[in-house]
Amino acid sequence: MSSETKQILTTDGIPLEVSLKKAEKKNKIKAFLLVAPLLLFLVITYIFPIGDMFMRSVDDRMVTNMLPKTFKAMEKWENLEELPPEEVYRGFYEDYKLLVEKQEHGKLGQRLNKEKNGFNTITKRLFRQIKRNKIDESISIKDQINKIHKRWRNIEFWLAIKRTAPPYTMAKYLKGMDMYVASDGSIAQVDEDRRIHRILWLRTLEIAFFVTLFSFFMGYPIAHLLATLPMKYSNLLMICVLLPFWTSLLVRTASWMILLQQQGVVNDFFVMIGLVGDDNRPEMMYNKVGTYVAMTQILLPFMVLPLYSVMKTISPSLMRAGKSLGGTPFVAFWKVYFPLTIPGIGAGCLLVFILAIGYYITPALVGGASGTLISNQIAFHMKTTLDWSFASAMGLMLLTGVLVIYWIYNKLVGVDNIKLG
Amino acid sequence: MSKNPEFVKFDKVDKSYDGKVLVVKDLQLDIAEGEFITMLGPSGSGKTTCLMMLAGFETPTHGEILLDGNIISNIPPHKRGIGMVFQNYALFPHMTVYENLAFPLRVRKVEKDEIDKKVDKALSMVSLSGFETRMPAQLSGGQQQRVAVARALVFDPAVVLMDEPLGALDKNLRESMQYEIKHIHESIGVTVVYVTHDQSEALTMSNRIAVFNDGKVQQLSNPAELYEKPVNSFVAEFIGENNTFNGEVVDIDKDKCKVKLANSEILANPISVKSKGEKTTVSLRPERALINPTDKMDNMFTGKIEEVIYHGDHTRVRLNLLGSSEFILKVPNSTSNLELKVSQDINIGWNSVDARALDPK
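Residues numbered from 1 in each chain as written. Chains lettered and ligands numbered in written order. Predicted model: local features only at pLDDT ≥ 70, side-chain atom pairs only at ≥ 80, totals over all residues.

*Asks:* So what about the overall build of chain A? Which residues, and what values?
*Replies:* Within chain A one finds 20 helices and two strands. The C-alpha radius of gyration computed for chain A amounts to 32 Å, which surpasses the reference 22 Å derived for 421 residues by more than 25%, pointing to a less compact arrangement than a globule. Taken along its principal axes, the extent of the C-alpha atoms in chain A is 100 × 95 × 35 Å. Looking at chain A as a whole, 28% of its 421 residues qualify as buried. The long-range fraction of contacts in chain A, counting pairs at least 24 apart against all pairs at least 6 apart in sequence, stands at 66%. (Helix = DSSP H or I, 4+ residues; strand = E, 2+ residues; numbered from the N terminus. Rg over C-alpha atoms; globule rule 2.2 N^0.38 Å. Buried ≥ 20, exposed ≤ 12 C-beta atoms within 10 Å, placed from the backbone. Contact = placed C-beta atoms within 7 Å.)

*Asks:* How would you summarise the sheet that holds strand β9 (residues 208-213) of chain B if you had to cite specific residues and measurements?
*Replies:* Residues and elements named next belong to chain B. The sheet built from six strands is open, its strands ordered β6-β7-β8-β3-β9-β10 with mixed pairing. In the strand order of this sheet, the two ends are held by β6 (82-85) and β10 (216-221), each with one partner. Averaged over all neighbouring strand pairs, the angle between strand axes comes to 20°, with direction disregarded. Lying on the sheet, helix α4 (residues 141-153) is in contact with β6 and β7 (159-163); it crosses β6 at an angle near 175°. (Pairing = 2+ DSSP bridges. Axes fitted to C-alpha atoms, helices over the stretch in contact; angles between N-to-C directions.)

*Asks:* Which residues make up the packing of helix α16 (residues 316-324) of chain A against helix α17 (residues 329-357) of chain A, and what are the values?
*Replies:* All names here are of chain A. For the pair α16 and α17, the least separation of the axes is 9 Å and the interaxial angle reads 130°. On the basis of their axis angle, the class for α16 and α17 is oblique. For α16 against α17, the interelement crossing comes out right-handed. Residues Leu318, Met319, Gly322 and Lys323 of α16 touch α17, and the partners they reach there are Pro329, Ala332, Lys335, Val336 and Tyr337. Within the contact of α16 with α17, the residues separate by chemical class into six nonpolar, one polar and two charged. (Parallel < 35°, antiparallel > 145°, perpendicular 65-115°, else oblique. Left-handed = near helix turned anticlockwise from the far one by under 90°. Nonpolar A, V, L, I, M, F, W, Y, C, P; charged D, E, K, R; others polar.)

*Asks:* Break down helix α2 (residues 97-106) of chain B for me, citing the residues and quoting the values.
*Replies:* Residues and elements named next belong to chain B. For α2, the buried fraction is high: seven of the ten residues fall into the buried class. Looking only at α2, the buried set comprises Val97, Asn100, Leu101, Ala102, Phe103, Pro104 and Leu105. Elements that come into contact with the buried residues of α2 comprise α3 (112-125) and α4.

*Asks:* Report on the pairing of strand β8 (residues 191-196) of chain B, specifying residues and quantitative values.
*Replies:* Residue and element names in this part refer to chain B. Among the six residues that make up β8, six are buried, leaving the element largely enclosed by the rest of the structure. Burial along β8 is two-sided: the residues Thr191, Val193 and Val195 and Val192, Tyr194 and Thr196 are all buried. Across five bridges, the pairing between strand β3 (residues 36-40) and β8 is parallel. Looking at β8, one finds that Leu40 is bridged to Thr196. Bridge analysis of β7 against β8 gives five bridges, and the strand direction is parallel. Pairing of Val160 across the sheet is with Val192, part of β8.

*Asks:* Residue-level account of the sheet that holds strand β19 (residues 345-350) of chain B, with values.
*Replies:* Residues and elements named next belong to chain B. Spatial ordering of the open sheet is given by β15-β19-β16-β17-β18, a layout of five strands whose pairing is antiparallel. In this open sheet, the two edge strands, each paired with only one partner strand, are β15 (290-291) and β18 (324-332). Note: strand β17 (residues 314-321) against β18, seven bridges, orientation antiparallel. Note that in β18 the partner of Leu319 across the bridge is Phe327.

*Asks:* I'd love a proper account of unusual backbone geometry, names of residues and values included.
*Replies:* All names here are of chain B. A positive phi angle is found at Ala90, which is not glycine, with a value near 50°. Within the secondary structure, Ala90 is located in the loop between β6 and α2. A positive phi angle, close to 60°, is found at Lys109, a residue other than glycine. Lys109 sits in the exposed class, given 6 other C-beta atoms within 10 Å.

*Asks:* Account for the interface of chain B and chain A, with residues named and values stated.
*Replies:* Each partner contributes residues to the interface: chain B has 18 residues there, and chain A has 15 residues. Sorting the residues of the side of chain B that touches chain A by element identifies β6 and α2 of chain B as the ones contributing at least two each. Of the residues contributing to the side of chain B that touches chain A, the split by class is 13 nonpolar, three polar and two charged.

*Asks:* An account of the domain arrangement of chain B is requested, with residue identities and associated values reported.
*Replies:* A common way to express how large an interface is: the accessible area buried when the components associate. Residue and element names in this part refer to chain B. Parsing chain B into structural domains produces domain 1 (8-233) and domain 2 (241-358). At the junction of the two partners, domain 1 supplies four residues and domain 2 supplies six residues. Considering only residue class, the side of domain 1 that touches domain 2 consists of two nonpolar, two polar and no charged. (Domains from an automatic or database assignment.)

*Asks:* Which residues make up the nonpolar core, and what values do they have?
*Replies:* Across soluble globular proteins, nonpolar side chains show a tendency to be buried alongside one another. Among the nonpolar cores identified, the biggest contains 96 residues, and Leu54(B), Leu161(B) and Val193(B) are the most heavily contacted of them. The element best represented in this core is α4(B), accounting for six residues. Residues contacting Leu54(B), with those up to four places away along its chain left out, are Val8(B), Ile65(B), Ile82(B), Leu161(B) and Val193(B). Judged by nonpolar contacts, the second largest core, of 45 residues, contains Leu350(A), Leu365(A), Ala393(A) and Met394(A). (Core = buried A, V, L, I, M, F, W, Y, C linked by C-beta atoms within 7 Å.)

*Asks:* Quick rundown of the environment of Pro363(A)? Include the residues and the values.
*Replies:* All names here are of chain A. Among the secondary structure elements, Pro363 is positioned in helix α18 (residues 361-366). Note on Pro363: 26 C-beta atoms within 10 Å, which makes it buried. As for Pro363 and Glu87, which are separated by 276 residues in sequence, their C-alpha atoms are 55 Å apart. Residues contacting Pro363, with those up to four places away along its chain left out, are Thr291, Gly371, Thr372, Leu373 and Asn376.

*Asks:* Residues and numbers for the confidence of the model for chain A, please.
*Replies:* In this model, chain A carries an average pLDDT of 86, and 97% of its residues clear a pLDDT of 70 or more. Within chain A, no element has a lower average pLDDT than helix α1 (residues 2-6) of chain A, which sits at 53, and none a higher one than helix α11 (residues 196-228) of chain A, at 92. (pLDDT = per-residue confidence, 0-100.)

*Asks:* Tell me about helix α5 (residues 86-102) of chain A, residues and numbers included.
*Replies:* Because the α-helix completes a turn every 3.6 residues, residues three or four places apart line up on one side. All names here are of chain A. Compared with an ideal rise of 1.5 Å per residue, which puts 17 residues at 24 Å, α5 spans 24 Å between its outermost C-alpha atoms and is within 8% of the ideal. Where α5 is buried, its residues contact α3 (61-66), α4 (68-74), α6 (105-115), α7 (119-131) and α8 (141-148). Directly after α5, the chain includes Gln103, whose backbone phi takes a positive value near 60°. (Expected span 1.5 Å × (residues − 1).)

*Asks:* A description of the environment of Lys256(B) should follow, citing residues and the corresponding values.
*Replies:* All names here are of chain B. Note on placement: Lys256 falls in the loop between β11 (243-252) and β12 (257-260). Sequence separation between Lys256 and Phe301 is 45 residues; the distance between their C-alpha atoms is 18 Å. Residues within four places of Lys256 in sequence aside, it is in contact with Leu267 and Ser352.

*Asks:* Residues and numbers for the domain arrangement of chain A, please.
*Replies:* Segmenting chain A into domains produces domain 1 (2-49), domain 2 (61-165) and domain 3 (196-417). Computed from C-alpha atoms alone, the centre-to-centre distance between domain 1 of chain A and domain 2 of chain A is 60 Å.

*Asks:* Lay out the packing of α2(B) against α4(B) in plain terms, naming residues and giving numbers.
*Replies:* Residue and element names in this part refer to chain B. Direction vectors running N to C along α2 and α4 enclose 25°, while the axes themselves pass 8 Å from each other. Compared by their axis directions, α2 and α4 come out roughly parallel. When you trace α2 past α4, the crossing you get is right-handed. Contacts between α2 and α4 involve Val97, Asn100, Leu101 and Pro104 from the former and Val147, Ala150 and Arg151 from the latter. By residue class, the composition of the contact of α2 with α4 is five nonpolar, one polar and one charged.

Shown next as structure tokens:
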């Protein structure tokens, strides 16, 4: 009752709220139409591919679709200590026969072989029997299949088929962490000498961390100079910072290759000044050193620019105030100037770290064996092994890692403290 | 108690930034202990440079600055023990009011209890008790300004420098802060060197004012003398309002001279003219010229009113007098106000002692 009496009306009797909504509706539609292209673009180029990547990484429907009758029958297979009942054998036989007609039986053999070594042999035997019409459908299929090869009488192989039943799998993610699902369904680690991915993950984190650290220690003084020098010098310095930024990434990486190789400019210089012997030139490329040097240089502007934009806003009178109040130049810097640059440090470090963690071209060209990152491994699976689902899984793990770092950063510093300029 | 009349001493100080132009020329200035001295001048006159040299942020190109008898040119700013209030306050935005005030004490390794006591005292001095936990951004301009003053005073410096501290405040707040700073100065007796380009600020607050122009001190004297007895035409122009007549001295004796203008002659007080034939600019304060004077005055003329502007407490009248239509009169707003109308003729008179014949412009 009271709210009705309080309702404010416009002069022509329409409630104010309704009138306001009507007036703003047009603006809202206009605003939406303006951002719609971008929204569409984002959906097509960002959200959809990530969704697709995720689907690929967990998709395991191939066997599920190939053996529908088998899996239907397996629902009745209760005692997993014993071989499956006749229905399962019959279902598998019928499914397989259909695959043979469609000439897709080879794929199944390969897929099952991945699950359990030796599968390919026994499916091929079964194929031959079917081709020769040796299987009599009127009597027990179970006995006939079991006779084809002794592995068909091994329960492990049937369990392997059963494991492929779910349409989705985490196997690719486990593989990315050097783990797998053992035949008893538990998660196990791969042998120590085959744990390559974990080393790569750790190396990626390590390189990204140190590249961030180096960029910070080099970028901070540069940004400070940029912010405090008189205009004519700071413009020149700014161009020095930005010029490599405008140069192609590939060109910059290639120039580092020219500089760092054993017969390269840097080594020549070291030999010339007598730092190292001519027959003892250090390897500065195709290892971590190369990756560190090239990536730090390439990512430096991403550290300098946010720092610069924050430092530019800090009034020089604050440092003067700090000094006039009795702080030594160091105290004035540490207590006054430095805390005010934290938003820029946060933004710069986060930017460099996130870029470094997914870096690809530079480590691929100068990293050699010990300087490559996880992204190079992803590319390897994309291009060479064509295991796209594994590449997708690792890509998503990388993305999750970045999001976790972002979350931790938000907890520690607060994202609203980031300042990119 | 004996106060050192040369507590701060600029001794033949020159300053050049580019090696071509002298920003400060041969500055000789003594500041007494406990004095409130203002450096007043237009922008670019060298006043802020002087302050920065005293604070230690700029080094003199030549000459020495002495603080209490010691040469300080080679002492870095943080060891000079000089408090400073900056133009934009320069409060540390990431620290609370308490931390801002505690900063100079903490770097001096003062005990925690002592810090609390001093911060408390300083804040109550600027009537901001209870604001300890606020951040500077949560304060109004005037409050920030007061925190800046408190911070410059909290460590009991011998000298406090203020670089146009009221520049960013609105007019009313600026006026009340002027009195507040003046009272703080009177109650604690600290030496204050104040820089401003606002003459009314300088006149209300200072014991003495040094008027800067072109890198030089034009006049150093107390506010009254500066206003009443400017020694040259720059000071006369810069401080307060001014009617000027340009002419040539035709007759001179000890305390009077006759100045020939374009088409008439006036009597004036010879300040910087010595002999006949010299060019001069005669300066007369608007309030020293009276309408229809009852007393006998030695300059009496008739002028025509060109414009009447009502200012509340007074009325400004622009006259066409002695061939110039820029002659300004200030008529106080009293009940016996005259009817002033445009194009009316009125009689104006002033004493020759108030018409100061200065150097020609």
